[in-house]
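Working through the structure, step by step
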Amino acid sequence: MIKKKITQVVCFAVMLCGIIALSGCTEEYDRADIIKYVTQNCDIKNFSVSKDYEEVEGEDGYTDKVWTVTVKGDDELEFVVHDDFHWGMEALVNSLWDDYMHVALVHLYEKYGKCELLELHEEKNIRTYAELVGSYDNLEELEALFEEAEDFAEYAEECGYDIEFNISFRMENPLRDNCDKTFDEGDCNGSFSTDGNEDFEKAYETAVDKCLLTSIVYRFEDKLAEFTDEEIKKAVEACKYRVSVSDDGTDSGKFTFYEDLCGKMYTSAVTFGTLYEILVREGIEVMGDSWHYSFTGVDGSVYEISYDFCDYVYENNIYKEGTSYADMYKDDIKNGYYYIKDGEKVPMDYYYYNYFFEKDVLEMTGILIRVGEVPQK
């Protein structure tokens, strides 16, 4: 009898744990909570919240609740507060988010109607996402973009909207659309994002610095021509990925840093364009320019290197049909970079590599380089 009671208690405890696990750590929000949320997070005063919420299927497959908020004034606009249910670390949880900032940006952009350079990029799914994007090919275009962005930010403030909308300034990089867009967007790509509340003069200087550093790293000579030797030298001095060469070809000897060359960010490597510069400066005969060139290596092989060599087919599917992961990886085929050695294509270690590591440079050229910061004295 006692044993049976104990068993029943244990079963009840297990069931209770299951119920708690299923219910998770969720909050029950009502209309008053939504009003409080908007008041604290959206910096608007004259608004109304829908009496009821709408149930929708969320991104994680759970049933979410969506409240509609109407901002009242000369021109009303609507946005949503989303009660988002999702799986946390160990239980079901929910949280509130809103798309006020993005809806307001769309509204202001359309109302302003004077932007000629900045384009509105808008995505609508469960939530609205919007940002302003401007492309530039030279410093004159970049300056014009910032002037337009500053004018628009002032207009938004005059209309009473204190929102931190995102503005992306995209450098027209020659590599960006190469090779099925394998140019690494997250790296030093000359692009810059800011928001409408920042100091635009300071943000402009940052954007120029990024444009310059990108041009140095990849040796975009037409863009480098817009900068003085002193500006280039100053940018290189601030770079953590300086390039140096061994004076006597040994690790123990002295390494001399170039004043105007930088390595690839986050790597001990130099890009195709920077390798060209090293070869020329170290007295190796090179045919071509920093975009496309050839030379005879230390092993007697003829190497041909170009940013245009980016149509090598990389088949990264390591699983055969019939295995559990075959469907997941069967389409993992990409075009990527390679170089030519004695007439044969040699793929880079990864499809998006358009740079060589220190060991690669040594094997091909016999030149010992190092990429890193200048040692502190």
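A brief structural summary. (Residues numbered from 1 in each chain as written. Predicted model: local features only at pLDDT ≥ 70, side-chain atom pairs only at ≥ 80, totals over all residues. Heavy atoms only, no water.)

Here the focus is the pairing of strand 3 (residues 63-71). Within strand 3, seven of the nine residues are buried, leaving the element largely enclosed by the surrounding structure. By the bridge criterion, three bridges tie strand 1 (residues 47-49) to strand 3 in an arrangement that is antiparallel. Bridge pairing in strand 3 links Ser48 to Thr70. Pairing analysis gives four bridges linking strand 2 (residues 54-57) to strand 3, with the strands arranged antiparallel. Its bridge partner being in strand 3, Val56 is matched across the sheet by Asp64. The antiparallel hairpin formed by strand 2 and strand 3 contains five residues in its connecting segment, where Gly61 sits at a positive phi of about 90°. As defined by bridge partners, strand 3 adjoins strand 4 (residues 77-87) across seven bridges and the pair is classed as antiparallel. Following the sheet pairing, Thr70 is matched in strand 4 by Glu78. Between strand 3 and strand 4, which pair antiparallel and follow one another directly, the connecting turn spans five residues. (Buried < 20%, exposed > 50% of the residue type's maximum accessible area, 1.4 Å probe, protein only. Helix = DSSP H or I, 4+ residues; strand = E, 2+ residues; numbered from the N terminus. Pairing = 2+ DSSP bridges.)

Right, let's get into the layout of surface pockets. Each pocket or cavity is described by its volume, and for the second largest pocket that value is around 280 Å³. What lines the second largest pocket is a set of 14 residues, and nearest its centre among them are Val71, Lys72, Cys159, Gly160 and Tyr161. Taken together, the residues of the lining of the second largest pocket sort by class into five nonpolar, three polar and six charged. (1 Å grid on protein atoms, 1.4 Å probe; cavity = no way out; pocket = protein on both sides within 12 Å on 5 of 7 lines; lining within 4 Å. Points joined across faces, edges and corners; volume = space filled by probe spheres on them. Nonpolar A, V, L, I, M, F, W, Y, C, P; charged D, E, K, R; others polar.)

A few words now on the sheet that holds strand 15 (residues 302-306). Strand order in the open sheet made by the five strands is 13-14-15-18-19, with antiparallel pairing throughout. Taken across any chain shown, the strands that pair with only one partner, and hence form the sheet edges, are strand 13 (286-288) and strand 19 (344-347). Here the strands of the sheet are splayed against their neighbours by 25° on average, with no regard to which way each runs. As defined by bridge partners, strand 14 (residues 292-296) adjoins strand 15 across five bridges and the pair is classed as antiparallel. Bridge pairing links Phe295 to Tyr303 in strand 15. (Axes fitted to C-alpha atoms, helices over the stretch in contact; angles between N-to-C directions.)

For the rest of this paragraph, the subject is helix 7 (residues 229-237). Considered for burial, the residues of helix 7 that qualify are Ile232, Ala235 and Val236. The buried residues of helix 7 occupy an angular sector of 100° when projected down its axis, which confines them to one face. Exposed residues lying more than 90 degrees from the buried face of helix 7 are Glu230, Lys234 and Glu237. Buried-residue contacts for helix 7 involve helix 5 (200-218), helix 6 (221-224), strand 10 (242-246) and strand 11 (255-262). (Arc of directions from axis to C-beta. Contact = heavy atoms within 4.5 Å.)

All right, on to the state of the cysteines then. Applying the stated rule across the entire model yields zero disulfides. Cys262 takes part in no disulfide bond, and the closest cysteine sulfur, belonging to Cys239, lies 3.3 Å away. Assessed through its relative accessible area of 0%, Cys262 is described here as buried. (Disulfide = S-S within 2.5 Å.)

We now examine the packing of aromatic side chains. Within the structure shown, the criterion is met by 29 aromatic pairs. With a centroid separation of 5.1 Å and an interplanar angle of 10°, the aromatic rings of Phe309 and Tyr338 are classed as stacked. A residue pair is termed long-range when its members are at least 10 positions apart, and Phe309 in the loop between strand 15 and strand 16 (312-315) and Tyr338 in strand 18 (residues 338-341) qualify at 29 residues. The two residues Phe309 and Tyr338 agree in class, both being buried. Ring pairs connect the aromatic residues Phe272, Tyr276, Trp291, Tyr293, Phe295, Tyr303, Tyr307, Tyr337, Tyr339 and Phe356, which therefore count as one cluster. (Phe/Tyr/Trp six-rings, centres within 6.5 Å; stacked < 30°, edge-to-face > 60°.)

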